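Descriptive analysis of the structure
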Amino acid sequence: MDEIYSMMPQASSSSPRAARLRKTPTTSRDTLHTFPERGQPPRLKTPTLFPRSPSIGIRSNTSDTDHSEIIAPIPRKHMTIQRNESQHWLGSPPLSPVSTVSRALSPASSTFLDTANPRGLRRHTQSFSSLLEHDKPASGSIASSVPRARPPAENKNEETSPARRWARWIHKQGLKQLAIPLILLVSTLVRWCIGLGSYSGQGTPIMFGDYEAQRHWMELTIHLPFRQWYTYDLPYWGLDYPPLTAYVSWLCGIVGSWIDPTWFALYTSRGIETPGSKVYMRATVVFFDLLVYIPSVILFTHTWQSNRSSRTQHVALLTLLFQPALLLIDFGHFQYNSVMLGFTLLAIDLFAKGQDVLGAICFVLSLGFKQMALYYAPAIGSYLLAKCLCLGFVEGSRLFIRLAIVTSISFVILFLPWLPPFAPIPSILAPISRIFPFARGLFEDKVANFWCASNIVFKWRLWLSRDTLVKLSAVLTALGFFPSVTGLLYHGYQVGASEKLSKKETSSNAPPVPILPLLPYALLASSMSFFLFSFQVHEKTILVPLLPLTLLVSGSSPSSFTFQLGVLVNNVAVFSMWPLLQRDGLALQYFAVTLLWNRLIGYNPLKYKPGTLVHYIPLVIYAACFTLHVLETLIPPPARLPDIYPVLNVLISTPVFAFTWLWAIKRGIEVGWAIGGLGHAQASSPSSSSALAASRSKQSVDGQGANGSERAVKSAVEAAGLGLGAPSVDRAAGLRTRSLGYAQARRASSALRDPF
Amino acid sequence: MASSPTSRRASKEDKQAQGDEQNAKKVEKSGSFWPTWQSVRELWSDISPFEWDVLVASTCFKVLLFPSYRSTDFEVHRNWLAITHSLPISRWYYDTTSEWTLDYPPFFAYFEKVLSIPAYFIDPKIVDLNNLNYDSWSVIAYQRTTVILTELVLGAAVHRFIRGSTDPSMQKIISASLFLHPGFLIVDHIHFQYNGFMFGILLWSILMARNGNKLASGFLFAVLLNFKHIYMYLAPAYFIYLLRSFCLSPSGALLPSHFLSLANAVILVFLVSLGPFLLMGQLPQLLSRLFPFTRGLNHAYWAPNAWALVTAADRVLLKVAQQFHVEGLQINASGVASTSRGLVGDTVFAVLPNIKPIHTFIVTIAFQVVYLIKLWRTPTYKSFLTALTLCGYTSFMFGWHVHEKAILLVLVPLSLLAAENQAFFRTFTLASVAGVFSLFPLMFTPAETFVKVAYSLAWAFLVLPPISKRVYEFPRSLPFVILDTLERAYIAGFALLQLFVLAFPLFSRTKLQGIEDEKGGMAFLPLMLTSVYCAVGLVWAFVRLSVIYLRQM
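Here the structure is a predicted model, which is why all the values come from computation and not from measurement.

With that settled, consider the overall build of chain A. Check the secondary structure of chain A and you find 35 helices and zero strands. The buried share among the 756 residues of chain A stands at 62%. Carbon and sulfur atoms form 67% of the exposed surface of chain A, whose accessible area is close to 28,700 Å².

Below, the structure is given as structure tokens:
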């Protein structure tokens, strides 16, 4: 890591130069020589270091004098220059003039798809250079003074989030190894403290709520044989989750009865509300969260963000672990969603590591825990299929067969107690019909999806029969995830084809899968289309689309659109569950946890000065949410419209979710385009020398259009510029590509290796 | 209006010379310490992002604790809201509708009176005198909110400590550690009291002493005494410090203007507080409420002080005596019953000579005199702070019927000294770990057990390692190496102790059934062990601090 850090100050200090170059591209050398006069103390930056071809100079010189200013600030600035170079060809300006850490979840998405128009870019670099000048005079000549010079600059632009500040602090204290244990400790503590509150159905006899359902399953699984699990007293919270939930319930029930048999006594324990049983139930949720979800999140930050500094990984970890919607539903309302989400996340992590078979098993476990994981199935399935296509006919079909066998076996094992050797064939119907309850209505309660929202004007249930509605919702859902699924398959096929072309030149040392960056967007689009259009959706199910979205947020910079949208959707999702949480008596927790998370990640919708009309939309949404809360406290609903507040809630939330769905599809296409385009470019124009690369890059800096070849060259230059020697080329390329499965840049860099 | 220049100048001065007497005069002349609108606004804009983070995060977390366990103190304070709201002032200290009669000084009663006004508008049942044990959501949310809001006094005080500190980055950690102290979390936000508020006043008073505004310091301490009289533990150090450094010139001559202004300020405070009751002739009644000398040496759960060790020794000796029938030991029959029960009431020793209140008083004074003589000779701010801590510590160690919560009187001023050097830091670590752990038995419900343990651990990991990195020194000689190892082992022992306390109920249910039935005292074992183990650490930290103070400063 030292090496990487050591490259960064050059990158940052040369950024203003890059900005000037952009303004006067013909006189690059002159600008270079005038540059130090702009308030840069020459003892730190001697002009002699600069006269080289600009793009190479940006990253190549690593002299000892410059090590002095390396220490603290660097990754942030490094990111900034990366943005400078890459933003020019896309549409919208950054939401805030200065970006701190800018890459989105994948380098593909940030290097090629983050957006800034030239004007925005200039603003950006100017403020960046002024920041730099602000830093420089104070920094002095010794390394240790640099960190001290930083805080004023930070306070000035107010970009850092508490999570970031904390991560920096703990690293500065040299307590890096304490960071993850502390995050785990504090996040578990917060989870537990949410659990001090009431739960779903507390003190509402006869049926109670989700808490009682889960407890009842523990009760029935430990007292009844397998065959009766899905048939016992169905009206009172009959088991309607897949077998893994049943097994987990059985385990919890066994351990619980060992502690206190009255908690799970058959029939007599119904509706038990002793403090002891509550603590035990809460503890099981926290336990399984610690067992499945938290490790998978940590693994995520290690695999998907392995090219980031550990500080950034810690920030991402905090972002993911304090996600309010999941905390409130699992630890407040009481459910075990984190297990299902954790298994899916584990599958995604394993896919990123290339362990497709293990990943598939994890996803089966996720499906086997809660059928809501089906919302991800189109994306996961098409990803695996695309991976097979990617690998070419022989390896691809081998992988396909292995996946098919392993998946089927896992399912069989899960459902074994209801299958032939142990039970007659018809008995499998009991769990299946319980798990997929088409007999229920189109939607329950008020849920912010298409059906419920449109039901206000168009009474679906009066006009269409249930069967028609089932079919209609199925068709709409399929249409909803169709683009992302076909996108994955198409790009898988395309990469497979170009792979064949380039097979001779690349030494394939197991490159990561290039279509991997598409996966989060596909997951988001697929799950959101299920949420919006499928049959029998609960408001809690919004947690399923929130997972991929929050993954994207955790990897994006606070000024990026992804971050802004992701946080907005997270907040709106919590808001959409307000009627539920309020009924559970979790109003206080709702506000506290949401505020905590927003503060933690440094999100403040009022902070960003809106430039265009588009930027007012989040403010309008927040204002609407706020107004609704205020109205609800002040004015009781009119007698004629008792559901007016939940309905208004739905009307506010649904458009946001629908927009997210469309955005996910759009981003999927963009990312896919970048992958496809690059593959093409790499085959057509392998750049042969750094000089050529530099000149092309200068063109591309001018910002006209963007075709595949320019991008390829640019990435090659970036890769080349990061280091001079061949090993460092490799390392630098790996820096930005390896973990995220972005193989193209890596291959481009290996193409460059020969001339060096 | 004049407060901001005061504090700014004071902070500069502080850098130049800690506790410099010459500067005090200027500052004192330059005006009041009282927070004006301008200073509040300045304070607001002066809060750094880090401080906002701490404030927001801790507030969110404390809000999550609203539904947690509440002790009877919650009902005590609700009852006081009702008393002060529905009765005339003349009845406040006479009312016995509830068993939780008003037994705090008048300022706290006024404070409850102020709090009861919004309470009435939120839910009139809160302030209904006969509505005993009212625990609806409204009263819980209201009272818990008042704790969070009044704790902002503490927040403001520790915030001002950072400004004008000689080492702001370290003071930042210490200030945050005070604001987030597990002691306050356990005692205020779960157990329910207003310590954060009152320690805020104490810290404000100490801050004024640091900034050289000693008149304000004395005034604030007088105010504090009238909020809660337990702060009398600290009064001797204040008295000596203010007398020596404010009322006398360095050469020893009396400065009449200083003396008179301080005396007037203090008398004024007491007049405002006690005046109404003095006029009504209720002072004896008030004092009898404040100082009920009818309780025993130890609390139900022995506060981890010297007497806990003595009591434990007595029990061990009793066991030994019973086992081996040692000749010459007089076994007090009532003592056998007393110690085995360990309930509220007069603790009577079975073997050792009994302790009377006057004994504890004499021991306490004797120790305090030693420190006060030292303080008289070196009346600097640092010396004052140490003597203040030691005064509180002595009272905690040897006082009559000390409450375990009183350990906060030691931990809070000691925190301010934590980053002085390795010796202070190690003392602080020992005292904090043992002191916070000794508060754990306040909460015995399983849900809160995890909260208190996890929170204290997180606090310790966030506060102790950074300070340790800054001040660490290798032990210089073999005895110090041994001592260092022993202290580390002692701290590690708390993990085992906690495991034992957690496992004991399960253990006792299965294995100790018979024994428990026979003696009926085994349920007391985890508490006794906790108390004795913490007492060992706290007594050692007390010895450490005394030696450091008397030898080093």
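Let us keep going from here.
Along chain B, the regular secondary structure elements total 25 helices and zero strands. Relative to its 553 residues, chain B shows a buried fraction of 56%. Long-range contacts, defined here as pairs at least 24 residues apart, represent 78% of the contacts in chain B between residues at least 6 apart. As presented, chain B carries roughly 23,100 Å² of accessible surface, and 69% of it is formed by carbon and sulfur atoms.

Further remarks concern the side chain of Gln-193 of chain B. Residues and elements named next belong to chain B. In this structure, Gln-193 sits in the loop between helix H10 (182-191) and helix H11 (195-210). We classify Gln-193 as buried; its relative accessible area is 6%. A polar contact is formed between the side chain of Gln-193 and the side chain of Asp-73, at a distance of 2.9 Å. Within the structure, the side chain of Gln-193 is placed 2.7 Å from the side chain of Asn-195, a separation counted as a polar contact. Setting aside residues no more than four positions away along its own chain, Gln-193 makes contact with Asp-73, His-77, Tyr-104, Val-147, Val-187, Asp-188, Lys-228 and Lys-405.

Another aspect to go through is the packing of aromatic side chains. All names here are of chain A. Under the defined criterion, the tally for this structure stands at 67 aromatic pairs over all chains. Ring plane angle 85° and centroid distance 5.6 Å describe the contact between Phe-334 and Tyr-336, whose orientation is recorded as edge-to-face. This pair shows no difference in class: Phe-334 is buried, exactly as Tyr-336 is. On the basis of an interplanar angle of 55° and a centroid distance of 5.8 Å, the ring pair of Trp-578 and Phe-591 is categorised as tilted.

To continue, consider the pattern of salt bridges. Side chains that differ in sign of charge can pair as their charged atoms come close. Residues and elements named next belong to chain B. This structure, assessed with the given rule, holds 22 salt bridges over all chains. The partner of Lys-382 in a salt bridge is Glu-420, with the nearest N and O atoms 3.0 Å apart. Residue Lys-382 is found in helix H19 (residues 381-398), and its partner Glu-420 is found in the loop between helix H20 (408-416) and helix H21 (422-439); the two are separated by 38 residues along the sequence. Where Arg-544 meets Glu-487, a salt bridge forms, and the shortest distance between an N and an O atom there is 2.3 Å. Within this pair, whereas Arg-544 is found in helix H25 (residues 525-552), its partner Glu-487 is found in helix H23 (residues 478-510), the two being separated by 57 residues in sequence. The class of Arg-544 is buried, set by a relative accessible area of 15%. The exposure class assigned to Glu-487 is buried, which follows from its relative accessible area of 4%. Look at the salt bridges and you will find they share partners, linking Arg-426, Asp-484, Glu-487, Arg-488 and Arg-544 into a network.

To continue, consider unusual backbone geometry. One non-glycine residue with positive phi stands out, namely Asp-233 of chain A, at about 40°. Along the chain, Asp-233 of chain A falls in the loop between helix H12 (226-229) and helix H13 (243-259).

A few words now on the confidence of the model for chain B. Residue and element names in this part refer to chain B. In this model, chain B carries a mean pLDDT of 83, and residues with pLDDT of at least 70 account for 85%. Here residues 339-345 is a poorly scored stretch, pLDDT under 50, and it has twelve contacts once near neighbours within four places are set aside; other chains count. The low-confidence segment residues 512-520 (pLDDT under 50) makes ten contacts with residues lying over four places distant or belonging to another chain.

On to the interface of chain A and chain B. Opposite the 31 residues of chain A that make contact, chain B presents 31 residues. In this assembly, chain A packs against chain B so that about 2,600 Å² is buried in total across both faces, 80% of it on carbon and sulfur atoms. In terms of surface lost to chain B, no three residues of chain A exceed Leu-189, Leu-196 and Leu-588 of chain A, which account for 22% of the buried area on that side. Across the contact surface, chain A and chain B share two salt bridges. Between Asp-53 of chain B and Arg-599 of chain A there is a salt bridge, with its nearest N and O atoms 2.6 Å apart. Put simply, the parts of the chain that give the side of chain A that touches chain B at least two residues each are helix H9 (162-172), helix H10 (176-194), H13 and helix H29 (587-600) of chain A. Top contributing element to the side of chain A that touches chain B by residue count: H10 of chain A, with ten residues.

Here the focus is the side chain of Glu-212 of chain A. Residue and element names in this part refer to chain A. Following the sequence through the fold, Glu-212 ends up in helix H11 (residues 210-223). For Glu-212, a relative accessible area of 2% translates into the label buried. In this structure the side chain of Glu-212 is engaged in a polar contact, spanning 2.6 Å, whose partner is the side chain of Tyr-236. Each residue touching Glu-212, except ones within four places of it in the same chain, is listed here: Met-207, Tyr-236, Trp-237, Arg-270, Gly-271 and Ile-272.

Turning our eyes to something else, we now look at the packing of helix H6 (residues 106-122) of chain B against helix H7 (residues 137-150) of chain B. All names here are of chain B. Two numbers describe how H6 lies on H7: the axes approach to 11 Å, and their chain directions differ by 135°. By the angle between their axes, H6 is oblique relative to H7. When you trace H6 past H7, the crossing you get is right-handed. Where H6 approaches H7, its residues Phe-111, Leu-115, Pro-118, Ala-119 and Ile-122 are matched on the opposing element by Tyr-142, Thr-146 and Thr-150.

What follows concerns the nonpolar core. Judged by nonpolar contacts, the single largest core of 317 residues is most densely connected at Phe-657 of chain A together with Leu-203, Ile-206 and Tyr-231 of chain B. In terms of nonpolar packing, the next biggest core, distinct from the first, is built from seven residues, Ala-308, Ala-312, Phe-524 and Met-528 of chain B among them.

Further remarks concern the environment of Val-187 of chain B. All names here are of chain B. Structurally, Val-187 can be placed in helix H10. The exposure class assigned to Val-187 is buried, which follows from its relative accessible area of 0%. Residues Val-187 and Met-443 lie 256 residues apart in sequence; the distance between their C-alpha atoms is 9.2 Å. For Val-187, the contacting residues outside a window of four places in its chain are Phe-192, Gln-193, Asn-195, Lys-405, Leu-408, Leu-439 and Leu-442.

Here we take up a nonpolar patch on the surface. All names here are of chain A. Together, Leu-385, Phe-400, Ile-401, Ile-405, Ile-409 and Ile-413 make up an exposed nonpolar region whose accessible area comes to about 560 Å². Counting residues per element, the nonpolar patch draws most heavily on helix H20 (residues 393-414), which supplies five residues. Among the structural elements, Ile-409 can be located in helix H20.

Moving on: the environment of Leu-588 of chain A. Among the secondary structure elements, Leu-588 of chain A is positioned in helix H29. Judged by its relative accessible area of 26%, Leu-588 of chain A falls in the partly exposed class. For the pair formed by Leu-588 of chain A and Ile-194 of chain A, sequence separation is 394 residues and the distance between their alpha carbons is 9.6 Å. With near-sequence residues (within four places) excluded, Leu-588 of chain A lies in contact with Val-63, Phe-66 and Trp-137 of chain B.

All names here are of chain B. Taking 1.5 Å of rise per residue, the twelve residues of helix H12 (residues 214-225) would be expected to cover 16 Å, and the 16 Å separating its terminal C-alpha atoms lies within 8% of that figure. Counting buried residues in H12 gives eleven out of twelve residues, a clear majority hidden from the surface. Looking at H12, one finds that the buried residues are Lys-214, Ala-216, Ser-217, Gly-218, Phe-219, Leu-220, Phe-221, Ala-222, Val-223, Leu-224 and Leu-225.

Turning our eyes to something else, we now look at the confidence of the model for chain A. All names here are of chain A. Of the residues in chain A, 64% reach a pLDDT of 70 or more, and the chain-wide mean stands at 71. Counted against residues more than four places away or in other chains, residues 504-511, with its pLDDT under 50, gives four contacts. Confidence drops under a pLDDT of 50 for residues 678-756, and excluding neighbours within four residues, the segment shows 135 contacts in the predicted structure.

Scoring rules and cut-offs
- Residues numbered from 1 in each chain as written.
- Chains lettered and ligands numbered in written order.
- Predicted model: local features only at pLDDT ≥ 70, side-chain atom pairs only at ≥ 80, totals over all residues.
- Heavy atoms only, no water.
- Helix = DSSP H or I, 4+ residues; strand = E, 2+ residues; numbered from the N terminus.
- Buried < 20%, exposed > 50% of the residue type's maximum accessible area, 1.4 Å probe, protein only.
- Areas by Shrake-Rupley, 256 points an atom, 1.4 Å probe, with all protein chains shown as cover.
- Contact = heavy atoms within 4.5 Å.
- Polar contact = N/O pair within 3.5 Å; in protein donor to acceptor, adjacent residues only side chain to side chain.
- Phe/Tyr/Trp six-rings, centres within 6.5 Å; stacked < 30°, edge-to-face > 60°.
- Salt bridge = Lys/Arg side-chain N within 4 Å of Asp/Glu carboxyl O.
- pLDDT = per-residue confidence, 0-100.
- Buried area = accessible area lost by both parts, 1.4 Å probe.
- Axes fitted to C-alpha atoms, helices over the stretch in contact; angles between N-to-C directions.
- Parallel < 35°, antiparallel > 145°, perpendicular 65-115°, else oblique.
- Left-handed = near helix turned anticlockwise from the far one by under 90°.
- Core = buried A, V, L, I, M, F, W, Y, C linked by side-chain atoms within 4.5 Å.
- Patch = residues over 30% accessible without salt bridge, like charges linked within 9 Å, V, L, I, M, F, W, Y side chains within 5 Å.
- Expected span 1.5 Å × (residues − 1).

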